[in-house]
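What follows is each chain in one-letter form.
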Number of protein chains: 2
Amino acid sequence: MTKALHALFLLLALSLASAAQAERRKVIVDQDAFEGPGLQPILMLLQDPTVEVLGITIVSGDGWAPEETAQTLRMLELIGRTEVPVIQGAIHPLINSKARNKAREDQYGALGYRGAWTESWPGDNTMKRAPFHEPKVVPPMEIGLPKIAARPGSAADFLIDMTRKYPGQITIIAMGPLTNLALAQRLDDDFAGRVKELVMEGGMFLAPPAGTKGDEFAAQVSHAPRLSFNHFWDPEASHIVFTSPWQKLTLVTGDTSAPTRAGADLLARATASKRPVARYVAKTAQPGFPLWDEVEAAAWLDPTIVTQRGTLAMDVDLMPGANYGALLTWPAGKGPGLGERDVNLIYAIDVSKLDTMFVDLIGR
Amino acid sequence: MTKALHALFLLLALSLASAAQAERRKVIVDQDAFEGPGLQPILMLLQDPTVEVLGITIVSGDGWAPEETAQTLRMLELIGRTEVPVIQGAIHPLINSKARNKAREDQYGALGYRGAWTESWPGDNTMKRAPFHEPKVVPPMEIGLPKIAARPGSAADFLIDMTRKYPGQITIIAMGPLTNLALAQRLDDDFAGRVKELVMEGGMFLAPPAGTKGDEFAAQVSHAPRLSFNHFWDPEASHIVFTSPWQKLTLVTGDTSAPTRAGADLLARATASKRPVARYVAKTAQPGFPLWDEVEAAAWLDPTIVTQRGTLAMDVDLMPGANYGALLTWPAGKGPGLGERDVNLIYAIDVSKLDTMFVDLIGR
């Protein structure tokens, strides 16, 4: 190779690398980031070289935000990614509360899942959890407590600041309740308009028969297919989000993850490399759960895994009864005109492609 | 054959006929009995020689009770079955009203169907209907007005009286809103306990995806699979019925009829005999609708057509919001303990057997 040709190749390589760097897709993950199923999808985003995770904002839901913040920080320490900021968000929903949820269950029957409100975790077939504790308590962690700290300030302010710095460039992937996003929108009425896309989760639309046997996760929601935890934990926040002027709003339905499982075999394949992320996942993964949030991360990372889409107008039922927090839908453009907007729905994905992505990203 | 043997055979034949007569299954049909889809299922019951229809009680729903009563009486005249009593029932739901329904739709979006509250019927692809009219108006009928009259008294009192006369022997097949049954139970607290079985309809449990294309009837309910007309017309009546002490309570879900259609071919086969019932159906049938109530009649007439069953605890959402009248379910025996009870559900039937039954019964 001549020197001139070599120089040309070098220039080309450098400019390609620079372009790739410049084109990395900016994302903020807003998550009720509990160890295992709550952190694995964040790892998928962190591991993708085409993605720049600007920060991880934490919201209560599966657990209380302070404990989730500690778990997220410890994960970043163990995988050597402490440059990614973690910002703690809202501890309590806007209106809902443990006491209100208990009153609702007393009157209308038990909900399948209560997240941080759960008073006693079943011994079997559930996530390994510290016993119920008050919101600000961070219980001991098997993998140790983090030495690094969260970035000061609120999650809502971080979301506002970053979208001012990169207007129209940031996708927010919300994997938990929507309290932080609702607060950001009410703090700054231009917030939603500056977000490139908001991706979130919820609801069963291709619902399995009520009383379905054999699939415990589907059975939980079969009685109330429009009720899902991220929305019934904080229904008022969901309503604010569904009626805000996002440039693009996408909802990944619960149907997408129903046929998925983080089985022992899949986890073994993903962690075989024994690199830092694989080692962390091998220590903290809990086999047997659907890949709830991993599907959401994957569908955004690689839209070609999506096999079924739709568009509906959506909002949330705010009546404080049996359907408090249930998703409401109408044909696209045909809602009551109370601020609800069309939402892009993802109903189904290619499970084998998802598994491959999970193995590749966790293993690299 | 000897005379003695002949006499023996005659005796046997007579006693068998008499036994069949004695064993005819007693039924009262409670129906929002509008011409076409509302009367065809009643004809199936009237045509079955093993069934004794003690009476037809009328409730508003698809139409107003006075018009439906006239249509039912005229049908009985034309088929020569004027011995079957028709008793007009409640014109208005217990609490709900056209004005309340309009306020609900203004706030929460249009419902797929409004029955007698419909202000203007679409020109195409709907039932042939007289324009909207006040509840007590009986508009002209193409097949003529009846000369016979309804039996005096209320439907609720008829239900109470007949179940006192035949305690534990009568099945009530409710094909419309449940106002008459709720009134009967509040008029006589022992009413439900005297009924052999109450069969009713409602809800989609094997719901098609929201925004389903290609099936307009499924699409109507896909946004609110737990809302169905018979229950959201009079939610409070449904709640009374779901919490009453029936000996047996069966609900035929909307899923059963989704794959059925009264197509032109099926109607042609059913009416080919040109006997009185076939002639009446040929005059009044409207091709293209699902066999909504015919499925309910058929599943009770011949339980072997049922292919999928289940049991759930059930009630109705009474919050005056987007889910007013929506069916609530819990696993059997696991409701909140507010009087809800286990219900036998029928999720699916054999469509080809249904078609055969329809053709046989209408044609005979």
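Our subject in this report is the structure included herewith. Values in this document were obtained by computation on a predicted structure and should not be read as measured data.

### Quick look at the overall build of chain A
Each helix and strand counted, chain A has 14 helices and nine strands in total. Across the 364 residues in chain A, those meeting the buried criterion constitute 58%. In chain A, the proportion of contacts linking residues at least 24 apart, taken out of those at least 6 apart, comes to 81%.

### Re the relation of the copies chain B and chain A
The operation relating the pair of chain copies consists of a rotation about an axis and a translation along that axis. Mapping chain B onto chain A leaves a residual RMSD of 0.0 Å; the transformation is a rotation of 180° accompanied by 0.0 Å of translation along its axis. Here the transformation between the copies is reduced to the relation of a two-fold axis.

### Description of the interface of chain B and chain A
Each side of the interface is counted separately: chain B has 31 residues, and chain A has 32 residues. Between chain B and chain A, roughly 2,200 Å² of surface is buried when both sides are summed, and carbon and sulfur atoms account for 58% of that area. Seen at the junction of chain B and chain A, the total is zero salt bridges. Among the secondary structure elements, those contributing two or more residues to the side of chain B that touches chain A are α4 (98–108), β7 (306–316) and β8 (327–331) of chain B. Ranked by residues supplied to the side of chain B that touches chain A, first place goes to β8 of chain B with four residues. When the residues that make up the side of chain B that touches chain A are grouped by side-chain class, the tally is 19 nonpolar, nine polar and three charged.

### Quick word on the sheet that holds strand β7 (residues 306–316) of chain A
All names here are of chain A. If you walk across this open sheet you meet the nine strands as β3-β2-β1-β4-β5-β6-β9-β7-β8, and the pairing is mixed. Two strands bound the open sheet, and with one partner strand each, they are β3 (86–88) and β8 (327–331). When the angles between neighbouring strand axes are averaged without regard to direction, this sheet yields 30°. Across the sheet, helix α5 (residues 155–165) touches β1 (25–31), β2 (51–58), β3 and β4 (170–174), and the angle it forms with β2 is around 150°.

### Quick word on the sheet that holds strand β9 (residues 341–349) of chain B
Residues and elements named next belong to chain B. Across the sheet, which stays open at both edges, the nine strands sit in the order β3-β2-β1-β4-β5-β6-β9-β7-β8 with mixed pairing between neighbours. Taken across any chain shown, the strands that pair with only one partner, and hence form the sheet edges, are β3 (86–88) and β8. Taken over all neighbouring pairs, the strand axes of this sheet differ in orientation by 30° on average, direction set aside. As paired strands, strand β4 (residues 170–174) and strand β5 (residues 197–201) are joined by three bridges and run parallel to one another. Across the sheet, the residue bridging to Ile-173 is Val-199, located in β5.

### As for the packing of helix α2 (residues 40–47) of chain B against helix α3 (residues 65–79) of chain B
All names here are of chain B. Relative to each other, α2 and α3 sit at 40°, their axes nearing to 12 Å. Our classification of the angle between α2 and α3 gives oblique. The crossing of α2 and α3 is right-handed. Counted together, Ile-42, Leu-43 and Leu-46 of α2 and Met-75, Leu-76 and Ile-79 of α3 form the full contact between these two elements.

### Side note on the pattern of salt bridges
Per the counting criterion, the structure on display carries 18 salt bridges over all chains. Among the salt bridges present, the one from Lys-98 of chain A reaches Glu-119 of chain A, with a minimum N-O distance of 2.5 Å. Residue Lys-98 of chain A is located in helix α4 (residues 98–108), and its partner Glu-119 of chain A is located in the loop between α4 and α5; the two are separated by 21 residues in the primary sequence. Residue Lys-98 of chain A is classed as partly exposed on the basis of its relative accessible area, which comes to 27%. The exposed category is assigned to Glu-119 of chain A, whose relative accessible area is 55%. Across the pair Arg-164 of chain B and Asp-188 of chain B runs a salt bridge, and its minimum N-O distance is 3.1 Å. With Arg-164 of chain B in helix α5 (residues 155–165) and Asp-188 of chain B in the loop between α6 (179–187) and β5, this residue pair connects regions lying 24 residues apart in the sequence. Via salt bridges that share partners, Arg-164, Asp-188 and Arg-194 of chain A belong to a single interconnected network.

### What to know about α4 of chain A
All of the buried residues along α4 of chain A are Asn-101, Arg-104, Glu-105 and Tyr-108 of chain A. Burial along α4 of chain A is one-sided: seen end-on, the buried residues are contained in an arc of 95°. Buried residues along α4 of chain A sit against α8 (229–232) of chain A together with β8 of chain B. Positioned one or two residues after α4 of chain A, Gly-109 of chain A has a phi angle of 100°, which is positive.

### Some thoughts on the packing of aromatic side chains
Residue and element names in this part refer to chain A. In the structure shown here, the tally under the stated rule is 18 aromatic pairs over all chains. One aromatic cluster is present, formed by Trp-64, Tyr-113, Trp-117, Trp-121, Phe-229, Phe-232 and Trp-233 through successive ring pairs. In this structure, Lys-98 packs its charged tip against the face of Phe-132, placed 4.7 Å from the ring centre. The ring of Phe-34 has Arg-129 lying over it, and the distance from NZ or CZ to the ring centre is 3.8 Å.

### A short note on the side chain of Asp-255 of chain B
All names here are of chain B. Locating Asp-255 in the fold gives a position in the loop between β6 (249–252) and α10 (264–271). Arg-226 provides the closest opposite charge to the buried, salt-bridge-free Asp-255, at an N-O distance of 8.1 Å. Within the local environment of Asp-255, its side chain forms a polar contact with the backbone nitrogen of Phe-205, the two atoms lying 2.6 Å apart. A polar side-chain atom of Asp-255 sits 3.1 Å from a polar atom in the side chain of Thr-253.

### Regarding the side chain of Glu-77 of chain A
All names here are of chain A. On the secondary structure map, Glu-77 appears in helix α3 (residues 65–79). In this structure the side chain of Glu-77 is engaged in a polar contact, spanning 2.9 Å, whose partner is the backbone nitrogen of Ile-148. The contact partners of Glu-77, leaving out residues within four places of it in the chain, are Thr-82, Leu-145, Pro-146, Lys-147 and Ile-148.

### Some remarks on helix α12 (residues 292–301) of chain B
The element α12 of chain B is largely enclosed, with a buried count of nine among its ten residues. Among the residues making up α12 of chain B, those that are buried are Asp-293, Glu-294, Val-295, Glu-296, Ala-297, Ala-298, Ala-299, Trp-300 and Leu-301 of chain B.

### Topic: unusual backbone geometry
A positive phi angle is found at Lys-274 of chain A, which is not glycine, with a value near 60°. Looking at where Lys-274 of chain A falls in the secondary structure, it is placed in the loop between α11 (264–271) and α12 (276–284).

### Description of the environment of Gln-88 of chain B
All names here are of chain B. Structurally, the position occupied by Gln-88 is in strand β3. A sequence separation of 29 residues divides Gln-88 from Val-59, and the C-alpha atoms of the two residues are 6.9 Å apart. Excluding its chain neighbours within four sequence positions, the residues that come into contact with Gln-88 are Ile-58, Ala-65, Pro-66, Thr-69, Ala-150, Gly-153, Ser-154 and Ala-155.

### Quick notes on the environment of Leu-227 of chain A
One can find Leu-227 of chain A in the loop between α7 (216–222) and α8. Between the alpha carbons of Leu-227 of chain A and Val-53 of chain A there is a distance of 30 Å; along the sequence they are 174 residues apart.

### Some remarks on the environment of Pro-66 of chain B
Residue and element names in this part refer to chain B. Assignment of secondary structure puts Pro-66 in helix α3. In this structure Pro-66 comes out as buried when scored by relative accessible area, which is 10%. When the C-alpha positions of Pro-66 and Ala-150 are compared, they lie 9.7 Å apart, and in sequence the two are 84 residues distant. Here Pro-66 is in contact with Gln-88, Ile-91, Pro-135, Lys-136 and Val-138, once residues within four sequence places are set aside.

What counts and what doesn't
Residues numbered from 1 in each chain as written. Chains lettered and ligands numbered in written order. Predicted model: local features only at pLDDT ≥ 70, side-chain atom pairs only at ≥ 80, totals over all residues. Heavy atoms only, no water. Helix = DSSP H or I, 4+ residues; strand = E, 2+ residues; numbered from the N terminus. Buried < 20%, exposed > 50% of the residue type's maximum accessible area, 1.4 Å probe, protein only. Contact = heavy atoms within 4.5 Å. Least-squares fit on C-alpha atoms with pLDDT ≥ 70 in both. Buried area = accessible area lost by both parts, 1.4 Å probe. Salt bridge = Lys/Arg side-chain N within 4 Å of Asp/Glu carboxyl O. Nonpolar A, V, L, I, M, F, W, Y, C, P; charged D, E, K, R; others polar. Pairing = 2+ DSSP bridges. Axes fitted to C-alpha atoms, helices over the stretch in contact; angles between N-to-C directions. Parallel < 35°, antiparallel > 145°, perpendicular 65-115°, else oblique. Left-handed = near helix turned anticlockwise from the far one by under 90°. Arc of directions from axis to C-beta. Phe/Tyr/Trp six-rings, centres within 6.5 Å; stacked < 30°, edge-to-face > 60°. Lys NZ or Arg CZ within 6 Å of the ring centre and 35° of its normal. Lys, Arg positive; Asp, Glu negative; His and termini not counted. Polar contact = N/O pair within 3.5 Å; in protein donor to acceptor, adjacent residues only side chain to side chain.

Shape is all these values report; function is a separate question.
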